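These are the residues of each chain, in order.
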Amino acid sequence: MYDYLIVGAGLFGAVFAREAKEKGKKVLVIDKRPHIAGNVYTEKVEGINVHQYGAHIFHTNNKTVWEYVNRFAEFNRFTNSPVANYHGELYSLPFNMYTFNKMWGVVTPDEATAKIEEQRAEIQGEPQNLEEQAISLVGRDIYEKLIKGYTEKQWGRDCKELPAFIIKRLPVRLTFDNNYFNALYQGIPTGGYTKMVENMLEGIEVRLGVDYLENKAELDALADKVLYTGAIDAYFGYRLGNLEYRSVRFENELLDIPNFQGNAAVNYTDRETPWTRIIEHKWFEFGKDEDGNDLPKTVISREYSSEWKPGDEPYYPVNDARNTELYAAYRALADREEKVIFGGRLGEYKYYDMDAVIASALDCAANALLS
């Protein structure tokens, strides 16, 4: 008999499992996928750690979380500095003095501020949709070239049809700083995320290719408590209806050249290019293998945003009024499940950065393991 059955070998499940193990609990981790690490899973291709479910760049201001992950991996000093490609024009992200110089030829922060203020004035009164909200924050030029097409591809809707609250703020830096995440700690685990999660799960029994919901009664009987990190609506058999997500599809390509785009991430911000961005995975680790040798080949991933349908991988919760209300109804059902703890991105229908997932799992474990 196990103390805990942990459903899902992603970050939330792995952190909880580690904490339970260290408190002397007997733990079984299961996952329906054939691999551990959930969506942070990396797979080595020609010496390159390929992020199979999209780019994951660790960044945090939480020192406790940073020290925690460094127990299981050594992190490099990768800094995320994406580039935007608008019909072949390249711009620096996030919006900073390099961006404004390329856009308008301005060279001082005062000139950039004056240009943005002039363009923001187009919107009078309360913005009624995402387009108006974006223009009211950064002006029409930046909106048209760097926000509109990318956002419409991501959401599959015209910006005039999207609610203003999706963009609460847009970072504008009046400095020559293109470090995308303004975080104290940032990097990529040397050797990939899979290795890091493997280290978290060391000494813990893991069974892969096991579908919890198909074998629920039998699996529940193995443990006193269940930590469930799958989709909350799936747990209840979608009895109240489907929660909605946006999904992402990836096209991976191994190229027999050493350098495709010269950067880890290039966002395609025009509406006509079908993909939202291209990731070149080798640059997360500076184009070198673990022995410091240059890698002769490269792997790229084109990302396509799509409407989620059952069977697709759910990525981004659609936190509109309908889904928020539906999640609250599922949450009420979950609160009545005495044996089961719901956690993580899918269990809580919440978009989490990696550091927030880990912080949440540590809190959840601290509370659960006290009882």
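Residues numbered from 1 in each chain as written. Predicted model: local features only at pLDDT ≥ 70, side-chain atom pairs only at ≥ 80, totals over all residues. Heavy atoms only, no water.

Caption draft 1: Molecular detail of the packing of helix α4 (residues 109-120) against helix α5 (residues 130-138). Where α4 meets α5, the closest approach of the two axes is 6 Å, and the angle between their N-to-C directions is 145 degrees. On α5, the residues that touch Ile116, Gln119 and Arg120 of α4 are Ile135, Ser136, Leu137 and Val138. (Axes fitted to C-alpha atoms, helices over the stretch in contact; angles between N-to-C directions. Helix = DSSP H or I, 4+ residues; strand = E, 2+ residues; numbered from the N terminus. Contact = heavy atoms within 4.5 Å.)

Caption draft 2: Geometry of the sheet that holds strand β12 (residues 265-268). The strand order across the open sheet built from 7 strands is β7-β6-β12-β13-β14-β11-β15, with neighbouring strands paired in mixed fashion. Edge positions in the sheet fall to β7 (89-92) and β15 (316-317), since each has one partner strand and no second. Pairing of β12 with strand β13 (residues 277-280) involves 3 bridges; the strand directions are antiparallel. Of the residues in β13, the one forming a bridge with valine 266 is isoleucine 278. (Pairing = 2+ DSSP bridges.)

Caption draft 3: Seen up close, the side chain of threonine 273. The topology assignment puts threonine 273 in the loop between β12 and β13. If we skip the residues at most four places from it in the chain, threonine 273 touches Lys153 and Tyr268.

Caption draft 4: Local environment of the nonpolar core. Counting 56 residues, the largest nonpolar core has Tyr4, Leu11, Phe16, Phe58, Met196, Leu201 and Ile358 as the members making the most contacts within it. Mapped onto this core, the elements with two or more residues apiece are β1 (2-7), α1 (11-22), β2 (27-31), α2 (63-69), α7 (193-200) and α12 (354-370). In contact with leucine 201, other than residues within four places in its own chain, are Ala9, Ala14, Ala17, Arg18, Val29, Ile36 and Val206. If you look at the next biggest cluster of nonpolar residues, it comprises 55 residues, including Tyr2, Ala84, Met103 and Ile123. (Core = buried A, V, L, I, M, F, W, Y, C linked by side-chain atoms within 4.5 Å. Buried < 20%, exposed > 50% of the residue type's maximum accessible area, 1.4 Å probe, protein only.)

Caption draft 5: Seen up close, the environment of glutamate 144. Inspection of the secondary structure assignment puts glutamate 144 in helix α6 (residues 140-155). For glutamate 144 and glutamate 131, which are 13 residues apart along the polypeptide, the C-alpha to C-alpha distance reads 9.2 Å. A distance of 2.6 Å separates polar atoms of two side chains, one belonging to glutamate 144 and the other to arginine 140. (Polar contact = N/O pair within 3.5 Å; in protein donor to acceptor, adjacent residues only side chain to side chain.)

Caption draft 6: Region of the structure containing unusual backbone geometry. Looking along the chain, the bond that leaves leucine 93 and enters proline 94 is cis, with omega of -10 degrees. In this structure, histidine 87 is a non-glycine residue whose phi angle is positive, near 50 degrees. Here histidine 87 lies in the loop between β6 (83-86) and β7. With a phi angle near 60 degrees, phenylalanine 286 is a residue other than glycine that sits in the positive phi range. You can see phenylalanine 286 is positioned in the loop between β13 and β14 (298-307).

Caption draft 7: Spatial organisation of the side chain of lysine 153. The topology assignment puts lysine 153 in helix α6. Here lysine 153 occupies a buried position and makes no salt bridge, while the nearest side chain of opposite charge, aspartate 270, is found at 4.9 Å. A polar atom in the side chain of lysine 153 sits 2.8 Å from the backbone oxygen of tryptophan 275. Discounting chain neighbours no more than four positions away, the residues touching lysine 153 are Arg246, Tyr268, Asp270, Arg271, Thr273, Pro274, Trp275, Thr276 and Ser305. (Lys, Arg positive; Asp, Glu negative; His and termini not counted. Salt bridge = Lys/Arg side-chain N within 4 Å of Asp/Glu carboxyl O.)

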